[in-house]
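Residues per chain are reported as follows:
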Amino acid sequence: MTTTIQFKNIHKSYRVSGQDIPALSGIDLTINPGEIFGMIGHSGAGKSTLVRLINLLERPSGGELLIDGDDITRFDDDALRALRRRIGMIFQHFNLLSSKTVADNVAFPLRLAGKKSRAETDARVAELLARVGLSEHASKYPSQLSGGQKQRVGIARALATEPKILLCDEATSALDPQTTQSVLRLLAEINRELGLTIVLITHEMDVIRTICDRVAVLDGGKIVEHGPVADVFLHPKHITTKRFVQESEHVDENEQNDDFAHVPGRIVRLTFRGEATYEPVLGKVARDCGVDFSILAGRIDRIKDTPYGQLTLALTGGDIDAALARFESEGLTVEALRDA
Amino acid sequence: MLETLLPNVDWIDLWQACHDTFSMLGWSLLFTLVLGLPLGVLLFLTGKRQLLSQPVVYGLLSFVVNVLRSVPFVILLIVMIPLTTLITGTSFGVAGVVPPLVVGATPFFARLVETALREVDRGIIEATQAMGATTRQIVFGALLPEALPGILAAATVTAITLVSYSAMSGLVGGGGLGDLAVRNGYQRFQTDVMVVTVILLLVLVQALQMAGDRLVTHFSRK
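Residue indices begin from 1 for each chain and proceed along its sequence in written order. The order in which chains are written sets their letters, starting at A; the order in which ligands are written sets their numbers, starting at 1. The predicted nature of this model means local features are confined to residues of pLDDT at least 70 and side-chain atom pairs, given and counted, to a pLDDT of 80 or more, with totals for whole chains, interfaces and linings taken over all residues. Each side-chain value is derived from all of the structure's non-hydrogen atoms; neither hydrogens nor water enter the calculation.

Colleague: What should I look at first to understand the overall build of chain A in this one?
Modeller: Helix and strand assignments follow DSSP, with helices taken as H or I runs no shorter than four residues and strands as E runs no shorter than two, numbered in order from the N terminus. Broken down by element type, chain A carries twelve helices and 14 strands. Summarising its shape, the C-alpha atoms of chain A cover approximately 75 × 50 × 35 Å along the three principal directions. In this scheme, a residue with accessible area under 20% of its type's maximum is buried, one over 50% is exposed, and one in between is partly exposed, where area comes from a 1.4 Å probe on protein chains only. Relative to its full complement of 340 residues, chain A shows a buried share of 51%. In what follows, a contact means two residues having at least one pair of non-hydrogen atoms within 4.5 Å. Across chain A, the fraction of contacts at a sequence separation of at least 24, relative to all contacts at a separation of at least 6, is 71%. The protein chains shown are the only cover counted for residues, whose accessible areas, like all others here, come from Shrake-Rupley with a 1.4 Å probe. Accessible area of chain A: about 15,400 Å², with a carbon and sulfur share of 46%. Asp and Glu are treated as the negative residues and Lys and Arg as the positive ones, with His and the ends of the chain left uncounted. The atoms used to mark charge sites are NZ of Lys, CZ of Arg, CG of Asp and CD of Glu. Chain A carries 41 positive and 47 negative side-chain charges, and their two centres are separated by 7 Å.

Colleague: Just to check I follow, could you spell out the side chain of A:Gln310 for this structure?
Modeller: Residues and elements named next belong to chain A. Tracing the sequence through the fold places glutamine 310 in strand E13 (residues 306–316). With relative accessibility at 10%, the residue glutamine 310 sits in the buried group. Polar contact criterion, stated in full: a pair of N or O atoms within 3.5 Å, where within protein one must be able to donate a hydrogen and the other to accept it, and residues adjacent in sequence count only if both atoms are side-chain atoms. Of the polar contacts made by the side chain of glutamine 310, one reaches the backbone oxygen of leucine 234; its length is 3.0 Å. Residues within four places of glutamine 310 in sequence aside, it is in contact with Leu234, Arg269, Leu270, Thr271, Ala297, Gly298, Arg299 and Glu335.

Colleague: Teacher, can you tell me more about the nonpolar core here?
Modeller: In a soluble, globular protein the nonpolar side chains are often hidden away together inside. All names here are of chain A. The definition of a nonpolar core used throughout is a set of buried Ala, Val, Leu, Ile, Met, Phe, Trp, Tyr and Cys residues joined through side-chain atoms within 4.5 Å. In this structure, Ile155, Leu187 and Phe233 are the most contacted members of the largest nonpolar core, which totals 51 residues. No other element matches the six residues that helix H6 (residues 177–194) contributes to this core. The contact partners of leucine 187, leaving out residues within four places of it in the chain, are Ile90, Ile155, Leu166, Cys168, Ile198 and Ile211. Ranked by size, the runner-up nonpolar core spans 32 residues in total, among them Ile5, Leu24, Leu65 and Ile201.

Colleague: I would appreciate a short explanation of the packing of aromatic side chains in the present structure.
Modeller: Think of a pair of aromatic rings as described by two things: how far the centres are apart, and how the planes are tilted against each other in angle. Residues and elements named next belong to chain B. Working definition: rings of Phe, Tyr and Trp (its six-membered ring) pair if their centres are within 6.5 Å, and the pair is stacked with planes under 30 degrees apart, edge-to-face with planes over 60 apart, and tilted otherwise. Taken as a whole and assessed by the stated rule, the structure comprises two aromatic pairs over all chains. Between the aromatic rings of tryptophan 27 and phenylalanine 31, the centroid separation amounts to 6.3 Å while the plane-to-plane angle is 25°, which identifies the pairing as stacked. With tryptophan 27 and phenylalanine 31 both in helix H2 (residues 11–46), this residue pair falls four residues apart, about one helical turn. Overall, tryptophan 27 belongs to the partly exposed group, its relative accessible area being 49%.

Colleague: Looking at this structure, I do not really get the packing of helix H6 (residues 93–118) of chain B against helix H8 (residues 135–166) of chain B. What am I missing?
Modeller: For any two helices packed against each other, the geometry comes down to the angle between their axes and how far apart the axes lie. Residue and element names in this part refer to chain B. Lines fitted to C-alpha atoms define the axes, with helix axes restricted to the stretch in contact, and inter-axis angles between N-to-C directions lie between 0 and 180 degrees. With their axes 9 Å apart at the nearest point, H6 and H8 run at an angle of 150° to one another. By the angle between their directions, the pair H6 and H8 is classed as roughly antiparallel. The handedness of the crossing between H6 and H8 is right-handed. Split into classes, the residues belonging to the contact of H6 with H8 amount to 16 nonpolar, five polar and no charged. These descriptions rest on fixed angle ranges, namely under 35 degrees for roughly parallel, over 145 for roughly antiparallel, 65 to 115 for roughly perpendicular, and the rest for oblique. Handedness of a crossing is defined here by the sense of rotation of the near helix relative to the far one, left-handed for an anticlockwise turn of less than a right angle and right-handed for a clockwise turn. Residue classes follow a fixed rule: Ala, Val, Leu, Ile, Met, Phe, Trp, Tyr, Cys and Pro count as nonpolar, while Asp, Glu, Lys and Arg count as charged, and any other residue, Gly among them, counts as polar.

Colleague: Before we go on, may I ask you to explain the sheet that holds E13(A) in this structure?
Modeller: Two strands in a sheet stick together by hydrogen bonds in their backbones, pointing the same way (parallel) or opposite ways (antiparallel). Residues and elements named next belong to chain A. Taken in spatial order, the four strands line up as E12-E13-E11-E14 in an open sheet, and their pairing is antiparallel. Edge positions in the sheet fall to strand E12 (292–303) and strand E14 (333–338), since each has one partner strand and no second. When the angles between neighbouring strand axes are averaged without regard to direction, this sheet yields 20°. In terms of strand pairing, strand E11 (residues 266–273) meets E14 through five bridges, oriented antiparallel. Each bridged residue has a counterpart across the sheet, and for valine 268 the counterpart in E14 is alanine 336. Any two strands are treated as partners once DSSP identifies two or more bridges connecting them.

Colleague: Where do I start with the packing of helix H5 (residues 81–88) of chain B against H6(B) in this structure?
Modeller: All names here are of chain B. Look at H5 against H6: their axes get within 9 Å of each other, and the N-to-C directions meet at 115°. Considered as vectors, H5 and H6 are oriented roughly perpendicular to each other. Classified by chirality, the crossing of H6 by H5 is right-handed. Across the interface between the two elements, Thr84, Ile87 and Thr88 from H5 touch Ala95, Gly96, Pro99 and Pro100 from H6. A per-class count over the contact of H5 with H6 returns four nonpolar, three polar and no charged.

Colleague: Quick question: what am I supposed to make of the domain arrangement of chain A here?
Modeller: In many analyses, interface size is given as the accessible surface area lost on bringing the parts together. All names here are of chain A. Considered domain by domain, chain A is made up of domain 1 (5–247) and domain 2 (262–338). Each of domain 1 and domain 2 has a C-alpha centre, and these two points are 38 Å apart. In total, about 970 Å² of surface goes out of reach between domain 1 and domain 2, with carbon and sulfur atoms giving 53% of it. By buried area we mean how much accessible surface two parts lose on assembly, using a 1.4 Å probe and totalling the loss over both. On the domain 1 side of the interface with domain 2, the three residues burying the most area are Arg209, Leu234 and His235, jointly 63% of the side's total. Think of a salt bridge as a Lys or Arg side-chain nitrogen and an Asp or Glu carboxyl oxygen that are within 4 Å of each other. Linking domain 1 to domain 2 there are two salt bridges. Its salt-bridge partner being lysine 304, residue aspartate 213 comes within 2.7 Å of it at the nearest N-O pair. Viewed at the interface, domain 2 and domain 1 are joined by five residue pairs in polar contact (both at pLDDT 80 or more). Of the residues forming the side of domain 1 that touches domain 2, the biggest block, four residues, is contributed by helix H8 (residues 229–234). These domain limits were set by an automatic method or by a database of domain assignments.

Colleague: Looking at this structure, how should I read the side chain of B:Ser166?
Modeller: Mapped onto the elements, B:Ser166 comes out in helix H8. Once residues lying within four places of it in the same chain are set aside, the contact partners of B:Ser166 are B:Met24, B:Leu101 and B:Gly175.

See below:
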């Protein structure tokens, strides 16, 4: 089954003391089956509302929201409940029932659906707990677990009814960096093995960079930029996106420009992607064109499974134009930051 | 020895008074819990921004609860005499006291239940909704289990309130420890009776509180 989520001109506003406060305006977006789609934005950008529209925890004020081609805003109560069983959700603060054991928390959605026998439920719970690596904690209560373990219970619970879509609401924001990585690995593994579509919202670039295929950047209730993660983050166009990139790389553009002011030559930024990242392109081109270069700033990293490198160079001497043309023909992206 | 220390204490009367207090407390607590719990749940659900938000229904329920809570129990006991007679066939004795006790304590308990339910993390309700639960399933599967410690604490406070209300039952010949203290201890100046009944009431309240606390701890998982 394919599960496409389509937002068509979605609007959402809240009525606060007689006034309509817009939270989302004119959202058009298609989320493809099986992908990990990230939405990034600062608090108040509307991302929390956006993700809650998908299972109608929030109702849109206008527009159409299609899942598998059906406009879910027209669903009656029964159809909506059936839909929600096909959509799992995990939360920033886990939202586990403190009065139930780990096993009972995971069994909870199955009992609500009421379709499985006791034995079937127990078997399914055991399977889910094994998947998230918590089999030995089945009879503990949530308060006895660490944050990362709680989120794993949340994930097991969300997967219980074999959903096609998993919504993640700031799922790693309450976790330390190491735990975040392990939870993200688990999500990526689930996406790969179960072919589940994952929609996640976050304010952390690293989360997007680690597991998302595509990303939408939200600001002021609008999508200001969206596309494949590498495209959006290696070549950010909107100011909000640029800020996210700079924040995550701990770079301040103004400071950097001051630093480079006394460096002679032309300053360019080269972006390598995929296998090109590990090719000896730079040395070869410099030699051939008689150009000298000094590396002013740089980063070699991965976006999901794609290695990339981004270097800021000052070029002096030789045939700089020819060198730049060569870089481009080698598949690198060249951006001029300052002419000589 | 006891005869000289407590010359006025009639042990048979005292035993009867204990028995009356227990039966007033038992019956009225039972009915208060049975009526107050659904009322509290209804108050919670119809409240602002809740699952079944119904401002008019909530306003009405809330008003009735407030009115009943503001009537002093002594007055309620007298005002209710016709209604009590209608329900139990008598306005006298234990049977004459239980209905006013229930009417006096139910709104109190319902408010405490409402508060306990509000303490449940909204995220838990949201998560349960996201699983495709019906309102009924949310109430029985998530809200009540999560609020259980709070509801038990509310029941404890209510039980103790009922003990103190029941002391006024003498007005309609209800009997019980409080009545004994008023009639013999106070009106006949039998200080020894007063002391004994007060000690017994104190022990009862302590025992209720301890039992309640134990239950709350037993069901708390936070």
